[in-house]
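So the chains spell out like this:
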Amino acid sequence: MEGTNPVNKKLAAALSGGAVLVLALTGCGDDSDEKLDAWAKEVCDAVQPQAAKIKAANTAIQKETSDNSTPQAVQQADSKAFQDMSDAYKAIGAAVSKAGAPDVENGEQKQQDAVKELNSISASYASLKKQVDGLNTKDQADFADGLKDIAAELDKLSKSGSDALSALEEGEVGEAMSRQASCQTATASAGATKS
């Protein structure tokens, strides 16, 4: 078992970065605009359960990457977690799409970019699920190598273009979102600390 332990820990660390992307949908400020607040409330209310789902998926993976987990158990947990994350990001993308463009300058472009980014993240997690499903759990060294590749991709994914999400929550949009209780809860449930 020992061969996979460092890899498992790396995988868990890389995974927890994924939740950061959801948090790009929160901001700070106190400007007021009814139309924008209504838009922010719709998006934040939809993001909240998905952020909780992503947090639960991260927790499940970290639990299974403990020292005594078998490759089969790790594979099973990772596969389910990647599927859950894929579904969650897709649902957030659908929510941003359904909410329409926020009532700000370039709102439509910002919304389209964010939806595209969220759908791309969803597709990346679906692809990782396929990869982990295909790993050879009977060969410890093989399995560890496969996990290493997945951890590297996860690392890239967790850092990858959250630019569109950041652009979406700039200025007034971020301020409106920060006023929503559900966005504040989503931030807390994904384990972030904001000052």
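Residues numbered from 1 in each chain as written. Predicted model: local features only at pLDDT ≥ 70, side-chain atom pairs only at ≥ 80, totals over all residues. Heavy atoms only, no water.

A. The packing of helix 3 (residues 34-64) against helix 8 (residues 171-178), seen in detail. The geometry of helix 3 relative to helix 8 is characterised by a closest axis approach of 8 Å and an angle of 65° between their N-to-C directions. Here the hand of the crossing between helix 3 and helix 8 comes out right-handed. From helix 3, L36, D37, W39, A40, V43 and C44 reach across to helix 8, where they touch E172, V173, A176 and M177. (Axes fitted to C-alpha atoms, helices over the stretch in contact; angles between N-to-C directions. Helix = DSSP H or I, 4+ residues; strand = E, 2+ residues; numbered from the N terminus. Left-handed = near helix turned anticlockwise from the far one by under 90°. Contact = heavy atoms within 4.5 Å.)

B. Quick look at unusual backbone geometry. Unlike most non-glycine residues, N106 shows phi in positive territory, near 60°. With respect to the helices and strands, the residue N106 is situated in the loop between helix 4 (71-99) and helix 5 (107-133). Of the residues examined, N106 reaches a relative accessible area of 52% and is grouped as exposed. (Buried < 20%, exposed > 50% of the residue type's maximum accessible area, 1.4 Å probe, protein only.)

C. Region of interest: the nonpolar core. Core analysis: the largest hydrophobic core is formed by 39 residues, its most contacted members being W39, F82, V96, Y125 and M177. Ranked by residue count, the leading element in this core is helix 3, at ten residues. (Core = buried A, V, L, I, M, F, W, Y, C linked by side-chain atoms within 4.5 Å.)

D. How the structure looks around the pattern of salt bridges. For the structure shown, the criterion picks out six salt bridges. Of the charged contacts, one joins E42 and K98 as a salt bridge, the two residues approaching to 3.7 Å between their closest N and O atoms. With E42 in helix 3 and K98 in helix 4, this residue pair connects regions lying 56 residues apart in the sequence. Its relative accessible area of 34% is what places E42 among the partly exposed residues. In this structure, the salt-bridge partner of K129 is D133, at a minimum N-O distance of 2.7 Å. With K129 and D133 both in helix 5, this residue pair falls four residues apart, about one helical turn. (Salt bridge = Lys/Arg side-chain N within 4 Å of Asp/Glu carboxyl O.)

E. Structural context of the environment of A60. Mapped onto the elements, A60 comes out in helix 3. On the accessibility criterion, A60 (32% relative accessible area) is partly exposed. On a C-alpha basis, the gap between A60 and A81 in space is 7.1 Å, while along the polypeptide they are 21 residues apart.

Taken by themselves, the reported measurements are silent on function.
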